[in-house]
Amino acid sequence: MTNPDLSAKPQLASRRILKIAVQVVVMVAIFAALLWYVGLGKLYEALLTIKVEYLALAFLMYFGINVFFTVRLRRVLAKDGVKTSFGKTLLAQYAGMLTSDVTPGRSGYILTPMYLRDQNVPTSKSLSSVLGIQTIEFLIKVVGGIGALVFLVQTVPAQTWNELFPQTIAGLNIGLIVASLGIALMLTGAIVLAAFTWSQRAISLFDRVANSRFLKRFTGGIMGKLEEYKESAYSTRRAIPEIIGLSMVCWILKGFEWYFLALALGITQIPWMWLAVFLIHPLVTALAFVPITPAGAGVQEFGIIGIFGLLLNVPAHPEMVAPIAAFAILARGLLIIEDLAGVPQIVKSTSMAFSRKKHSQPNLPPSPPV
């Protein structure tokens, strides 16, 4: 008789490969449309004019963000009685960010607990910390996204909205609808994460999902031990004030990162420029959680072009399209380049996982002599 589990494995693998292939094809198609819309020659010219000193400052701001992300994670773990090394946790942070850069919906960041294993951090505690942090961060981004929407409505003339987004649905401008959907997406994510972190009923559901055959194999079983997880969630709640404070610091640094990146490309015509990018960032990055491409690649870039196009009145100034597109591409490229610092940690953690799996297999008794 055939084992149904063994026969199902190739089918699951094939479906997973097909899903990834479709997402990559969609991503390539979106970027191809973006390059066609902007013009490859104009985009190249915009990149040639970049001011390296401002680009370096943008890199420095992103480094600062990861430093504070690391401090935040260590502080939350400390509330649960877990001591960690700053250097190793920084590498785990970069590894988590790099994984999120290449996974749909940026879901790969949930593997950060795996990258903390070399410090013997209990998975239940690291997972509770990561989910608790993401819950608060999503809620902060919802507030920022609403602020961005109010800022856009107050700042951008109605004529510009109609010129850039001429289509309407039920009398509402399609640009406003897309922006509102971005906010709703972040709010939904925050509610789901909050439920998984602090609702007993949701945790029970999470237990069934987390221990499904596919997810268990993909994550190496890092989502088990729900009883320990519930205790860790309580400790995470006690760290909420620190999470909020450090998340706000990171949000401010992100505003400076985008501000310097805009200056590097000569984008200086945006009204109330630093405030604009400070508010717009959480609204636009919500598109990175759209799971149709890895980390929303292509979708986020079109979102940046659309919103910056509103602020810069692109219909009246079409020459600004190329610098905006260059900004959108560099905003993602800057993250990926710096996040490559996490590659050694990913390799190390993967090797540890395979090593543990190998040693956990029971030794078979020797065959009897014939």
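What counts, and at which threshold
Residues numbered from 1 in each chain as written. Predicted model: local features only at pLDDT ≥ 70, side-chain atom pairs only at ≥ 80, totals over all residues. Heavy atoms only, no water. Helix = DSSP H or I, 4+ residues; strand = E, 2+ residues; numbered from the N terminus. Buried < 20%, exposed > 50% of the residue type's maximum accessible area, 1.4 Å probe, protein only. Areas by Shrake-Rupley, 256 points an atom, 1.4 Å probe, with all protein chains shown as cover. Expected span 1.5 Å × (residues − 1). Core = buried A, V, L, I, M, F, W, Y, C linked by side-chain atoms within 4.5 Å. Contact = heavy atoms within 4.5 Å. Salt bridge = Lys/Arg side-chain N within 4 Å of Asp/Glu carboxyl O. pLDDT = per-residue confidence, 0-100. Axes fitted to C-alpha atoms, helices over the stretch in contact; angles between N-to-C directions. Parallel < 35°, antiparallel > 145°, perpendicular 65-115°, else oblique. Left-handed = near helix turned anticlockwise from the far one by under 90°. Nonpolar A, V, L, I, M, F, W, Y, C, P; charged D, E, K, R; others polar. Phe/Tyr/Trp six-rings, centres within 6.5 Å; stacked < 30°, edge-to-face > 60°. Patch = residues over 30% accessible without salt bridge, like charges linked within 9 Å, V, L, I, M, F, W, Y side chains within 5 Å.

*Asks:* Looking at this structure, I do not really get the overall build of the protein chain. What am I missing?
*Replies:* Of regular secondary structure, the protein chain possesses 16 helices and two strands. When the 370 residues of the protein chain are sorted by exposure, 47% land in the buried category. For the protein chain, the computed accessible surface area is about 18400 Å², with 69% contributed by carbon and sulfur atoms.

*Asks:* What am I meant to see in unusual backbone geometry here?
*Replies:* Residues apart from glycine generally show negative phi values, whereas peptide bonds are mostly found in trans. The backbone of Asn120 shows a phi angle near 60°, a positive value even though the residue is not glycine. Within the secondary structure, Asn120 is located in the loop between helix 5 (112–115) and helix 6 (123–155).

*Asks:* Explanation requested: helix 3 (residues 52–79) in the structure shown.
*Replies:* Residues lying three or four places apart along an α-helix face the same way, a consequence of the helix completing one turn every 3.6 residues. For helix 3, spanning 28 residues, the distance from its first C-alpha to its last is 41 Å, which sits close to the expected 40 Å at 1.5 Å a residue. Looking at the residues trailing helix 3, positive phi occurs at Gly81, about 80°.

*Asks:* Would you explain the nonpolar core in this entry?
*Replies:* Among soluble globular proteins, nonpolar side chains are generally buried collectively. Trp258, Ile267, Phe308 and Phe327 are the most contacted members of the largest nonpolar core, which totals 76 residues. Per-element accounting of this core gives the leading share, 11 residues, to helix 15 (residues 321–339). Once residues lying within four places of it in the same chain are set aside, the contact partners of Ile267 are Ala262, Met273, Leu312, Met320, Pro323, Ile324 and Phe327.

*Asks:* Looking at this model, I keep getting lost on the environment of Gly333. Mind explaining?
*Replies:* Following the sequence through the fold, Gly333 ends up in helix 15. For Gly333, a relative accessible area of 24% gives the class partly exposed. As a C-alpha pair, Gly333 and Asp101 span 232 residues in sequence and 9.9 Å in three-dimensional space.

*Asks:* Explain the pattern of salt bridges to me, please; I cannot follow it from the model alone.
*Replies:* Opposite charge on two side chains permits them to pair, given that their charged atoms come into close proximity. For the coordinates displayed, the defined rule picks out seven salt bridges. Put simply, Lys79 and Glu242 hold a salt bridge, and the shortest N to O gap is 3.4 Å. Taken as a pair, Lys79 in helix 3 and Glu242 in helix 12 (residues 240–264) lie far apart in primary sequence, 163 residues in all. For Glu242, a relative accessible area of 26% translates into the label partly exposed. Among the charged side chains, a network of salt bridges with common partners joins Arg72, Glu137 and Lys141.

*Asks:* Help me understand the confidence of the model for the protein chain in this model?
*Replies:* Any segment with low pLDDT has predicted coordinates that should not be analysed in fine detail. Residue-level pLDDT values for the protein chain average 77, and 72% of them are 70 or greater. Here helix 10 (residues 213–219) stands out as the element of the protein chain with the lowest mean pLDDT, 49, in contrast to helix 3, whose mean of 94 is the highest. With pLDDT under 50 throughout, residues 218–227 is counted as low confidence; its partners more than four residues away or in other chains account for 21 contacts.

*Asks:* Any chance you could explain the packing of helix 3 against helix 4 (residues 86–101) here in plain terms?
*Replies:* Packed helix pairs are specified by the crossing angle of their axes together with the interaxial distance, meaning the distance between the axes. Interhelical geometry of helix 3 versus helix 4 gives an angle of 115° and a closest axis separation of 9 Å. Our classification of the angle between helix 3 and helix 4 gives roughly perpendicular. Like other packed secondary-structure pairs, helix 3 and helix 4 cross with a definite hand, here right-handed. Seen from helix 3, the contacting residues are Tyr62, Phe63, Asn66, Val67, Phe69, Thr70, Val71, Leu73 and Arg74; seen from helix 4, they are Phe86, Thr89, Leu90, Gln93, Tyr94 and Met97. Taken together, the residues that form the contact of helix 3 with helix 4 break down as 10 nonpolar, four polar and one charged.

*Asks:* Can you walk me through the packing of aromatic side chains in this structure?
*Replies:* What describes a pair of aromatic rings is the distance from one ring centre to the other and the angle between the planes of the rings. Within the structure shown, the criterion is met by nine aromatic pairs. Here the aromatic rings of Tyr54 and Phe260 are separated by 6.4 Å at their centres, their planes lie at 15°, and the arrangement is stacked. With Tyr54 in helix 3 and Phe260 in helix 12, the pair connects residues that are 206 residues apart, well separated along the chain. Judged by relative accessible area, which is 28%, Tyr54 ranks as partly exposed. By relative accessible area, Phe260 is classed as buried at 15%. Aromatic ring contacts, followed pair by pair, group Tyr54, Trp251, Phe256, Tyr259, Phe260, Trp274 and Phe278 into a single cluster.

*Asks:* So what exactly am I meant to see when it comes to helix 12 here?
*Replies:* An ideal rise of 1.5 Å per residue puts 36 Å on 25 residues; helix 12 measures up with 36 Å between its terminal C-alpha atoms. Just downstream of helix 12 lies Gly266, where phi reads positive at about 75°.

*Asks:* Just to check I follow, could you spell out a nonpolar patch on the surface for this structure?
*Replies:* A contiguous nonpolar surface patch, about 300 Å² in accessible area, is contributed by Ile336, Leu340, Val343 and Val347. On the basis of relative accessibility, which here comes to 34%, the residue Val343 falls in the partly exposed class.

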